[in-house]
Amino acid sequence: MCPKTPHGDCPPQETACHIIPSIAGKRVLITGCASGIGKATAEVFAAHGVHIVICDIQDDVGQSVASRISSDNPDCKVTYIHIDVSSRAECIAGVEAGVRFLGGLDCLIHAAGHIHQDVVENIGEDELSRMLDVNIKGAVFMSQAVFPYLKTRGGTIINFGSDIAAEPLPLLAHYAASKGAVQSFTRSIAREWGEYGIRANAVLPAVWTPMIEDYRRGLQAESVPGHDHYMNDRVCLGGKFGDVEADMVPVIAFLVSDASRWITGQLVPVNGGLSLVR
């Protein structure tokens, strides 16, 4: 059943279940699966016959998500593996275990990320390190970890960038910088690894997630209406954040599917027109 979106209830023909391209049988590893885009992607993918390794650092939540998805989709292989993406050793070990469970790998969806608010002059060394460790080092380490398994038969890497990388918002300079690095890195591996049939793209989402909720909670009360006005003015399609399942997951599925076999090195905005990417 399609959840209520900022645009109202989805008619049946617009639900994720009706517009997902063929991805049945794909073997996918997803980071950041305890909530948000990673969790929603895992849920919809499993319903469409995808075998999934769910990865996070929130073990209780991640294991619960994996157990529920596995129970709802008994024909799919689903398991949970702890991976701290800021640790290269954990990325390598976790991916190795995941590939062993799946019997191979077709795609990495790297949805794990970190966001934090502060004025530029107050960003501390520890917080800057945390931002870069999770957002850019995580993208590098996870890509390195899956490369040996994708090199022999091709596959897909999907990272997550942000419109904020090009059009920063107040209090998010270090987040914007980290996402700009993710986007540049994604384009670089698309160039370097294309000869092996590996496609790499970065999606730029503007959809409602717990991360967005945390960001808005961190704003001063008087700033929330200003954020609403900004979204209403900039988002052409409805003036609000999109819905994860109806608006985001089908695009991810397209990039995983063979229908996107000629697309690589791209920044793919799923943002309702919030910004225009080049």
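Above: the structure in question.
Residues numbered from 1 in each chain as written. Predicted model: local features only at pLDDT ≥ 70, side-chain atom pairs only at ≥ 80, totals over all residues. Heavy atoms only, no water.

**Considering the overall build of the chain**
So, point 1. Counting secondary structure elements, the chain contains nine helices and seven strands.
So, point 2. Look at the contacts in the chain between residues 6 or more apart in sequence, and 76% of them connect residues 24 or more apart.
So, point 3. With an accessible surface of roughly 12,900 Å², the chain has 52% of that area assigned to carbon and sulfur atoms. (Helix = DSSP H or I, 4+ residues; strand = E, 2+ residues; numbered from the N terminus. Contact = heavy atoms within 4.5 Å. Areas by Shrake-Rupley, 256 points an atom, 1.4 Å probe, with all protein chains shown as cover.)

**Here's the deal with the pairing of strand β1 (residues 27-31)**
So, point 1. The buried count for β1 comes to five of five residues, which makes it a mostly enclosed element.
So, point 2. Judged by which residues are buried, β1 turns out to be covered on both faces: Arg27, Leu29 and Thr31 on one side and Val28 and Ile30 on the other are all buried.
So, point 3. Summarising the sheet, β1 and strand β2 (residues 51-56) pair through five bridges and their orientation is parallel. Looking at the pairing, leucine 29 lines up with valine 53 of β2. (Buried < 20%, exposed > 50% of the residue type's maximum accessible area, 1.4 Å probe, protein only. Pairing = 2+ DSSP bridges.)

**Focus on helix α2 (residues 36-47)**
So, point 1. Taking 1.5 Å per residue as the helical rise, α2 with its 12 residues ought to reach 16 Å, and the 17 Å between its terminal C-alpha atoms agrees with that figure.
So, point 2. Extensive coverage of α2 is indicated by the burial of nine of its 12 residues.
So, point 3. All buried positions along α2 are accounted for by Gly36, Ile37, Gly38, Ala40, Thr41, Ala42, Val44, Phe45 and Ala46.
So, point 4. Two residues or fewer past α2, glycine 49 is found with a positive phi of approximately 85°. (Expected span 1.5 Å × (residues − 1).)

**Comments concerning the pattern of salt bridges**
When the charged atoms of two side chains with opposite charge come close together, those side chains can pair.
So, point 1. Following the criterion strictly, the structure yields seven salt bridges and no others.
So, point 2. Aspartate 258 is paired through a salt bridge with lysine 26; the nearest N and O atoms lie 3.0 Å apart. In this pair, aspartate 258 is assigned in the loop between α9 (244-256) and β7 (267-270) and lysine 26 in the loop between α1 (16-19) and β1, connecting sequence segments 232 residues apart.
So, point 3. Ionic pairing is found between arginine 68 and glutamate 43, a salt bridge with its closest N-O pair at 2.7 Å. Here arginine 68, found in helix α3 (residues 59-72), pairs with glutamate 43, found in helix α2; they are 25 residues apart in sequence, far enough to count as distant.
So, point 4. Exposure remark for arginine 68: the relative accessible area of 34% places this residue in the partly exposed category.
So, point 5. Judged by its relative accessible area of 23%, glutamate 43 is partly exposed.
So, point 6. A cluster of three or more residues bridged by salt bridges with shared partners is formed by Arg27, Asp106 and Arg153. (Salt bridge = Lys/Arg side-chain N within 4 Å of Asp/Glu carboxyl O.)

**What about the environment of leucine 105?**
So, point 1. One can find leucine 105 in the loop between α4 (88-102) and β4 (107-110).
So, point 2. Given the relative accessible area of 2%, leucine 105 is considered buried.
So, point 3. Leucine 105 sits 79 residues away from lysine 26 along the chain, and the two C-alpha atoms are 7.8 Å apart.
So, point 4. Apart from residues lying up to four places away in sequence, leucine 105 is in contact with Arg27, Val28, Leu29, Val99, Val146, Tyr149, Leu150 and Arg153.

**Here's the deal with the sheet that holds β7**
So, point 1. The sheet built from seven strands is open, its strands ordered β3-β2-β1-β4-β5-β6-β7 with parallel pairing. Looking at the sheet topology across the chains shown, the edges are occupied by β3 (78-82) and β7. The average angle at which neighbouring strand axes cross in this sheet is 20°, direction not considered.
So, point 2. Alignment of β2 against β3, held across five bridges, turns out to be parallel. Bridge pairing in β3 links isoleucine 54 to tyrosine 80. (Axes fitted to C-alpha atoms, helices over the stretch in contact; angles between N-to-C directions.)

**So, unusual backbone geometry**
So, point 1. The residue leucine 171 is not glycine, and still its phi comes out positive at about 80°.
So, point 2. Its location among the elements puts leucine 171 in the loop between β5 (155-160) and α6 (173-193).

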